[in-house]
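Remarks on the overall topology
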Amino acid sequence: MLKTYPNLNLQDRGINFSIARMEDIYDKRNGAPDEPHRHDYFTVVIPIKAKGIHNIDFNEYTLSDGQIFFVNEGQVHQIIEHERSLGYAIVFSADFLIRHNIPVSFIHDINLFAHFGASPPLLLAAVTFKKVISYCEEIFLLQNEKQKFASEAISSYLKLILILCNNSCTHQPRATHETESGERLLKSFKELVNEKYTTWHSVKEYSESLFVSADYLNKVVKSLIGKTAKEYIQNRIIIGAKRLLFHTAFSSKEIAYELGFGEPAHFSSFFKKCTGQSPSNFKKSFEN
């Protein structure tokens, strides 16, 4: 069964932010590979020196120097290090943002945390990466020295890191009223898909709920993320299916019903069309 970590600290559930050095985590595990797991909080992994693999939602990324990974709530990930890494891992909850007057919408408005699927690392310019590391060092000192108003200072540094990273991955200015309106629609669409993907499979169901036409929704989504609304919905269903196939003992039939397919055969056909393999073959590929 897949591990889920609902709290940042099992001893003190009131803790809603933590920063750790990757080398300390490696030593604590005696170099053993991380197990696939998900968090009910946000994760930022910042390797300074590393070799290995970072799996996020069944996408494999090379773990190497100078990257930054952003893992959203609920995403399944696993770090496999080939040697002792140097760097930082930051975790924080939505409560941490709220307590420090950072609206949760801030996380959704920046371009860093994917809800699911592809989550490639961000590569920063050397000077920018150096600045991010300096902020991490300040946060690490603040956390461990327990200075007065440390939490307030940490939240400020965290927001600076996220803004700095977001600005580095945003290439096109987005200032027009039309684009801002489209981004609001995209945000609402993403949230709705995450909530309804096990019951709503058609673009029409989402467009009607968002009070726009299916054609307009497809056009807006395509223009902002490079894939249609239909492709986005299908991708979410496939990720949900892969998680269930890999991390549970559910049969394909049970997963089909769990994901809102009236007939298991329809689910199998859909899965094979999207991935190129049957659900059973996907599951077997991870068992070998």
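Relevant structure appears above.
Given the structure is predicted, the values throughout are model-derived calculations rather than measurements.

1. Side note on the pairing of strand β8 (residues 76-81)
Where a strand is regular, its side chains alternate between the two sheet faces. A large share of β8 lies buried, amounting to five of its six residues. Relative to β8, strand β5 (residues 52-56) runs antiparallel, the two being bridged by five bridges. Looking at the pairing, I56 lines up with H77 of β8.

2. Description of the pattern of salt bridges
Scanning the model with the defined rule gives six salt bridges in all. In this structure, the salt-bridge partner of E81 is R29, at a minimum N-O distance of 2.9 Å. Note that E81 is positioned in strand β8 and R29 in the loop between α1 (22-28) and β3 (37-39), a separation of 52 residues in sequence. Of the residues examined, E81 reaches a relative accessible area of 12% and is grouped as buried. Exposure remark for R29: the relative accessible area of 24% places this residue in the partly exposed category. Across the pair D57 and R243 runs a salt bridge whose closest N-O atoms are separated by 2.7 Å.

3. What about unusual backbone geometry?
Excluding glycine, most residues fall at negative phi; most peptide bonds, likewise, are trans. Positive phi values are uncommon outside glycine, yet N30 reaches one of about 55 degrees. Position of N30 among the secondary structure elements: in the loop between α1 and β3. A positive phi angle, near 60 degrees, is found at N101, a position not held by glycine. Residue placement: N101 occurs in the loop between α2 (94-99) and α3 (105-109).

4. Remarks on the sheet that holds strand β7 (residues 67-71)
The strand order β2-β9-β4-β7-β10 describes an open sheet built from five strands, whose pairing is antiparallel. Both outer strands of the open sheet, β2 (17-21) and β10 (122-123), are each paired with one neighbouring strand and no more. Relative to β10, β7 is paired through two bridges, and the arrangement is antiparallel. Bridge pairing links Q67 to L123 in β10. Running at roughly 110 degrees to β2, helix α4 (residues 126-145) makes contact with β2, β4 (42-49), β7 and β9 (86-92) of the sheet. Running over the sheet, helix α5 (residues 150-169) touches β2, β7, β9 and β10 and is turned about 110 degrees from β9.

5. Thoughts on the packing of helix α9 (residues 229-247) against helix α11 (residues 264-275)
Running from N to C, α9 and α11 point in directions that differ by 105 degrees, and their axes come no closer than 11 Å. Considering their axes alone, α9 and α11 lie roughly perpendicular with respect to each other. On α11, the residues that touch Q234, I237, I238, A241, K242 and L245 of α9 are F267, F270, F271, C274 and T275. Partitioned by chemical class, the residues of the contact of α9 with α11 number eight nonpolar, two polar and one charged.

6. Some details on the environment of S93
Turning to its location among the elements, S93 is positioned in the loop between β9 and α2. Remark: the alpha-carbon pair of S93 and T43, spanning 50 residues in sequence, is separated by 8.9 Å.

The rules behind these values
- Residues numbered from 1 in each chain as written.
- Predicted model: local features only at pLDDT ≥ 70, side-chain atom pairs only at ≥ 80, totals over all residues.
- Heavy atoms only, no water.
- Buried < 20%, exposed > 50% of the residue type's maximum accessible area, 1.4 Å probe, protein only.
- Helix = DSSP H or I, 4+ residues; strand = E, 2+ residues; numbered from the N terminus.
- Pairing = 2+ DSSP bridges.
- Salt bridge = Lys/Arg side-chain N within 4 Å of Asp/Glu carboxyl O.
- Contact = heavy atoms within 4.5 Å.
- Axes fitted to C-alpha atoms, helices over the stretch in contact; angles between N-to-C directions.
- Parallel < 35°, antiparallel > 145°, perpendicular 65-115°, else oblique.
- Nonpolar A, V, L, I, M, F, W, Y, C, P; charged D, E, K, R; others polar.

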